[in-house]
Amino acid sequence: AQKVTQAQTEISVVEKEDVTLDCVYETRDTTYYLFWYKQPPSGELVFLIRRNSFDEQNEISGRYSWNFQKSTSSFNFTITASQVVDSAVYFCALSEARTGANNLFFGTGTRLTVIP
Amino acid sequence: GAGVSQSPSNKVTEKGKDVELRCDPISGHTALYWYRQSLGQGLEFLIYFQGNSAPDKSGLPSDRFSAERTGGSVSTLTIQRTQQEDSAVYLCASSSDTTSYEQYFGPGTRLTVT
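Residues numbered from 1 in each chain as written. Chains lettered and ligands numbered in written order. Predicted model: local features only at pLDDT ≥ 70, side-chain atom pairs only at ≥ 80, totals over all residues. Heavy atoms only, no water.

Caption draft 1: Representation of the overall build of chain A within the structure. Within chain A, the secondary structure is distributed over zero helices and 12 strands. Reading chain A from its N terminus to its C terminus gives the helix and strand order β-β-β-β-β-β-β-β-β-β-β-β. Compactness check: chain A gives a C-alpha radius of gyration of 14 Å against a globular reference of 13 Å for 116 residues, within 12% of the reference. Each principal axis of the C-alpha distribution contributes one length, and for chain A these read about 45 × 30 × 20 Å. By residue count, 44% of the 116 residues in chain A fall in the buried class. (Helix = DSSP H or I, 4+ residues; strand = E, 2+ residues; numbered from the N terminus. Rg over C-alpha atoms; globule rule 2.2 N^0.38 Å. Buried < 20%, exposed > 50% of the residue type's maximum accessible area, 1.4 Å probe, protein only.)

This is the structure:
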């Protein structure tokens, strides 16, 4: 069965610190997609990144970077030089590429608070 | 519109009443999803529509929940005989089937059952 674990429920950091949000997943499919979404206090989920299971290259987008390691079934998210605007709940999610099914299975989220 | 829209933004209803929640997906997106976000259960998948195919209803929690999608665009999620445990934020998302699995979410409808 598919499962996404975000063991960190809440993290607080001081502005400008780096922070890594952990995500561990389980799936029996060989083809799957991993996502990170941000949910700011306004409530709307904002798409951040999608990776497919065949592409283990790490990705960097500005202050954000993602480390995908199939060997440990992890897809961790790092924010460099955190800012107050980064305060939000961050969700990791998994989608399995079975025929006709691409709904997202979400982790329980990590609430990040960046203290000015 | 530019993004996924949902209405109403908030709905308060009495236990036992029926409610309808609406979702307008991004124009041109053929896939539409409903999710529920509640304190106890996190984010749960409810139902998925893709084009004219039969919907994937595997996430609906009970037969009180149903959804339809008219004309391949607007979708309505109906909850009959609401219960207090139905209180949650109901989120709609859409995606284009030409861009693998990237879903864009609406602002949600906060449902409170009293």
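Next comes the rest of the account.
Caption draft 2: A look at the nonpolar core. One finds W36(A), F75(A), F77(A), Y90(A) and L112(A) to be the most contacted residues of the largest nonpolar core, which totals 23 residues. Looking at this core, the elements with two or more residues in it are β2 (10-14), β3 (19-21), β5 (32-39), β8 (64-69), β9 (74-79), β10 (88-96) and β12 (110-115) of chain A. At four residues, the largest contribution of residues to this core is made by β10(A). Residues V4(B), F49(B), L60(B) and F65(B) belong to the second largest nonpolar core, which totals 20 residues. (Core = buried A, V, L, I, M, F, W, Y, C linked by side-chain atoms within 4.5 Å.)

Caption draft 3: View of the pattern of salt bridges. In total, this model carries six salt bridges over all chains according to the counting rule given. Across the salt bridge formed by D24(B) and R22(B), the nearest N and O atoms sit 2.9 Å from each other. Each of the salt bridges in this network shares a partner with another, and the network as a whole consists of R51(A), D55(A) and E59(A). (Salt bridge = Lys/Arg side-chain N within 4 Å of Asp/Glu carboxyl O.)

Caption draft 4: Geometry of the environment of Y104(B). All names here are of chain B. One can find Y104 in strand β9 (residues 104-105). Its relative accessible area of 33% is what places Y104 among the partly exposed residues. For the pair formed by Y104 and G71, sequence separation is 33 residues and the distance between their alpha carbons is 20 Å. Once residues within four sequence positions are removed from consideration, Y104 is found in contact with V4, I26, H29, C92, A93 and S94. (Contact = heavy atoms within 4.5 Å.)

Caption draft 5: Highlighting the interface of chain B and chain A. Counting residues at the interface gives 15 residues for chain B, matched by 17 residues for chain A. Together chain B and chain A conceal approximately 1,600 Å² of surface at their shared face, both sides included; 57% is due to carbon and sulfur atoms. In this structure, the connection of chain B to chain A is made through zero salt bridges. Our count for the contact surface shared by chain B and chain A stands at three residue pairs in polar contact (both at pLDDT 80 or more). A class-by-class count of the residues in the side of chain B that touches chain A yields nine nonpolar, four polar and two charged. (Buried area = accessible area lost by both parts, 1.4 Å probe. Polar contact = N/O pair within 3.5 Å; in protein donor to acceptor, adjacent residues only side chain to side chain. Nonpolar A, V, L, I, M, F, W, Y, C, P; charged D, E, K, R; others polar.)

Caption draft 6: Structural detail: the packing of aromatic side chains. Here the structure, examined in full by the defined rule, presents 21 aromatic pairs over all chains. Ring plane angle 50° and centroid distance 5.2 Å describe the contact between Y25(A) and Y32(A), whose orientation is recorded as tilted. The class of Y32(A) is buried, set by a relative accessible area of 5%. Measuring from ring centre to ring centre gives 6.1 Å for Y37(A) and F106(A), while their planes differ by 55°; the resulting arrangement is tilted. With Y37(A) in strand β5 and F106(A) in strand β11 (residues 105-106), the pair connects residues that are 69 residues apart, well separated along the chain. An aromatic cluster is built from F35(A), Y37(A), F47(A), F91(A), F106(A), Y33(B), Y35(B), F45(B), Y48(B), Y104(B) and F105(B), whose rings are joined through pairwise contacts. (Phe/Tyr/Trp six-rings, centres within 6.5 Å; stacked < 30°, edge-to-face > 60°.)

Caption draft 7: Broad picture of the pairing of β8(A). Residue and element names in this part refer to chain A. Of the two faces of β8, the one lined by Y64, W66 and F68 is fully buried and the one lined by S65, N67 and Q69 carries no buried residue. Connecting strand β7 (residues 59-61) to the next strand, β8, in antiparallel fashion are two residues, including G62 with a positive phi near 60°. Two elements, β8 and β9, share six bridges in a ladder whose sense is antiparallel. Pairing of W66 across the sheet is with F77, part of β9. Counted between consecutive antiparallel strands, the loop separating β8 from β9 contains four residues, among which S73 sits at a positive phi close to 50°. (Pairing = 2+ DSSP bridges.)

Caption draft 8: Representation of unusual backbone geometry. Residue P8(B) is reached from S7(B) by a cis peptide bond, and omega for that bond is -10°. Locating P8(B) in the fold gives a position in the loop between β1 (5-7) and β2 (10-13). One non-glycine residue, S73(A), lies in the positive phi region at around 50°. For S73(A), the location among the structural elements is in the loop between β8 and β9. Accessibility expressed as a relative area gives 24% for S73(A), which makes it partly exposed. Not every positive phi belongs to a glycine, and A81(A) is a case in point at roughly 50°. Structurally, A81(A) can be placed in the loop between β9 and β10. For A81(A), a relative accessible area of 31% translates into the label partly exposed.

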